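# A closer look at the structure
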Amino acid sequence: MLSSRGTSRAEMLDIPWRYAAPHTYDKETNPTGTISFGMAEHGPMRTEIANYINQKVTFTPDSVGYRPSPPSSTRLPAALSTHLNEILHPHPSNTPLTPETIFVASSATALDHMLGFSIAEPGDGILVSRPVYGRFELDYGVEAGVEMVYADNDIEEGFEPGVVGEFESALKAAGERGVRIRGVLIVNPHNPVGRCYPAETLTEIVKFCSRHQLHLIGDEVYASCIFDSGDPDAVPFTSVLSLDLPALIDPNLVHLLYGFSKDFASGGLRLGFLISQNEELRRACQAILRLHSTSTAAVTIGATILEDREFVSNFFTKSSHHLASTYKITTSTLEKESINYIKGGNAGFFIYIDLSPYLALLPDSSTNGINGASKAEPDVGAGAGSTREFSLAQKFLDAGVFLHPGEEHGKKPGWFRLVFSHEEEVLEEGLRRFVGVLRSLREE
């Protein structure tokens, strides 16, 4: 027998399409395997990191102990503070970004949970605009029981200062149904749209949080995944820490998330960072860290990488060039096939594409595909307004390419996040399969 919460959590595994199909394709060993356009990782750059680790990292007894002893214990926070000061350009009026303001855990995912647990009660809400990365529902909900509350904004509106009007409406509506909003979460650069927030929009969101005394959680895990998309109107990256925060909000309400999974293509290292001036919050997270601590081996690796500023600079340059190339390959294919997508992207690993015209070519279906028993209307977000979206995802999967349906909680069904950060020949094969499905639908 399980507890009620154990039973309810186990039932999450039965929600169809909740979890992504794995990438199993290999040109030599498994040429018919699935190519995942759903997993946001920069696979080609993993080789660079792996080679560096094999050649440059030296482990000591501290690297395999429970916790490093001084001075090893301060090595990673010191290296990270140097790195973040270099890439985020904190405003001079803000409290300096120092090792003392950095909290290290196993991942940004773990820190999302720890934040939810520490700033909200079960049943409280975190407010986000949409579309947005769909896993936050799990990060904040699985253990902490915190709800993600979606503002009713259109895609373009999410990057405009006026989005705070939709935040106000969502805040009011949540209160009317008994959900207390405790914070606002922004992902910048944005996932899944692949854009950066203008400074004026960030400023208005910060002021909104100040008016209502809400925590502002800035997820900036893609801070250095910026590339030249060729679009002169693409907005450059601005960190929330580069704003004059004391003039806008109590800095104790602002918390930044960073990690190795995206910028350093190293999700498997399990290194995540919370940057916050709020000592009380850091203490609360410290109390539950034993359940979410990273390994001392990963700490050694992370510190070694961050201390080598020449390597970091060269790595980011190569990463940026590769993302620009694969972005161009993908957008060229989309334009050739007359597929609408959100323009202005210059960050991250993905493009947000509109496949809604193809939904009308499909029958409604109760077939739910991967990971789940039959269920006619899977509750996986606002983007799952029609089972046709799931039928389309199944056709892609049957053809050996995976796009996650309903994942980003779009306002309308038919929008998908397409991850393009693959080796070019893998990307081209995946696009060939993807286009083949759409062409077959048009011809039926």
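Residues numbered from 1 in each chain as written. Predicted model: local features only at pLDDT ≥ 70, side-chain atom pairs only at ≥ 80, totals over all residues. Heavy atoms only, no water.

## Points about the side chain of H322
- Locating H322 in the fold gives a position in helix α10 (residues 309–336).
- H322 has contacts with H42, P44, S421, H422 and E423, leaving out every residue within four places of it along the chain. (Helix = DSSP H or I, 4+ residues; strand = E, 2+ residues; numbered from the N terminus. Contact = heavy atoms within 4.5 Å.)

## Things to note about the domain arrangement of the chain
- Domain parsing of the chain yields domain 1 (4–47 + 316–443) and domain 2 (60–311).
- Computed over C-alpha atoms only, the centres of domain 1 and domain 2 are separated by 25 Å.
- The interface of domain 1 with domain 2 comprises 34 residues on the first partner and 42 residues on the second.
- Of the roughly 3300 Å² buried between domain 1 and domain 2, counting both surfaces, carbon and sulfur atoms make up 57%.
- The three residues of domain 1 that bury the most area against domain 2 are F316, N346 and K411, which together make up 22% of that side's buried surface. (Domains from an automatic or database assignment. Buried area = accessible area lost by both parts, 1.4 Å probe.)

## Points about helix α4 (residues 108–119)
- Along its 12 residues, α4 runs 16 Å from first to last C-alpha, staying within 8% of the 16 Å computed at 1.5 Å per residue.
- The element α4 is largely enclosed, with a buried count of 9 among its 12 residues. (Expected span 1.5 Å × (residues − 1). Buried < 20%, exposed > 50% of the residue type's maximum accessible area, 1.4 Å probe, protein only.)

## Describing the sheet that holds strand β2 (residues 102–105)
- One open sheet holds the 7 strands; their spatial order is β2-β8-β7-β6-β5-β3-β4, and the pairing between them is mixed. Each edge of the open sheet carries a strand with a single partner, namely β2 and β4 (147–150). Ignoring strand direction, the axes of neighbouring strands in this sheet form an average angle of 25°. (Pairing = 2+ DSSP bridges. Axes fitted to C-alpha atoms, helices over the stretch in contact; angles between N-to-C directions.)

## Considerations on the packing of aromatic side chains
- Inspection of the entire model under this criterion finds 22 aromatic pairs.
- Ring centres 6.3 Å apart and planes at 15° place the aromatic pair W17 and F402 in the stacked group. Highlighted residues: W17 in the loop between α1 (4–11) and β1 (35–36) and F402 in strand β11 (residues 401–402), separated in sequence by 385 residues. Across the pair, F402 and W17 agree in class, each one buried.
- Put simply, the rings of Y52, F260, F264, F273, F311, F315 and F316 touch in pairs and so form one group of aromatic residues. (Phe/Tyr/Trp six-rings, centres within 6.5 Å; stacked < 30°, edge-to-face > 60°.)

## Side note on the nonpolar core
- Grouped together as the largest cluster of nonpolar side chains are 71 residues, with contacts concentrated most on V184, Y258, F264 and F273.
- Residues lining this core come from more than one domain, with at least three contributed by each of domain 1 (4–47 + 316–443) and domain 2 (60–311).
- Membership of the second largest hydrophobic core comes to 46 residues, among which are L323, L403, F416 and L418. (Core = buried A, V, L, I, M, F, W, Y, C linked by side-chain atoms within 4.5 Å.)

## Looking at the pairing of strand β3 (residues 125–128)
- Both faces of β3 are covered, namely the face carrying G125 and L127 and the face carrying I126 and V128.
- Where β3 lies against β4, 4 bridges are found, and the strand directions are parallel. Bridge pairing in β4 links V128 to Y150.
- Once you follow β3 into helix α5 (residues 136–141) and on to β4, the crossover reads as right-handed. (Right-handed = clockwise from strand over helix to strand, strands pointing away.)

## Topic: the environment of R417
- Within the element layout of this structure, R417 appears in strand β12 (residues 415–419).
- In sequence terms R417 and A79 are 338 residues apart; their C-alpha atoms lie 33 Å from each other.
- Excluding residues that lie within four positions of it along the chain, R417 makes contacts with F37, G38, A40, Y133, N191, P192, F350, I351, Y352, L403 and E408.
- Within the structure, the side chain of R417 is placed 2.6 Å from the backbone oxygen of G38, a separation counted as a polar contact. (Polar contact = N/O pair within 3.5 Å; in protein donor to acceptor, adjacent residues only side chain to side chain.)

## Some points on unusual backbone geometry
- Omega for the peptide link from R130 to P131 comes to 5°, which places this bond in the cis form.
- Relative to the helices and strands, P131 resides in the loop between β3 and α5.
- The phi dihedral of S338 falls on the positive side, at around 60°, and the residue is not glycine.
- Topologically, S338 is positioned in the loop between α10 and β9 (340–341).
- S338 gets classed as exposed once you look at its relative accessible area, which sits at 69%.

## Comments concerning the sheet that holds β12
- With antiparallel pairing, 3 strands are arranged side by side in an open sheet as β9-β10-β12. Among the strands making up the open sheet, the edge pair consists of β9 and β12.

## Things to note about the pattern of salt bridges
- Going through the model one piece at a time under the given rule, you end up with 20 salt bridges.
- Close ionic contact of E137 with R18 constitutes a salt bridge, the shortest N to O distance being 2.6 Å. Residue E137 is located in helix α5, and its partner R18 is located in the loop between α1 and β1; the two are separated by 119 residues in the primary sequence.
- E137 gets classed as partly exposed once you look at its relative accessible area, which sits at 23%.
- The structure contains a network of salt bridges with shared partners spanning R130, D152, D154 and K411. (Salt bridge = Lys/Arg side-chain N within 4 Å of Asp/Glu carboxyl O.)

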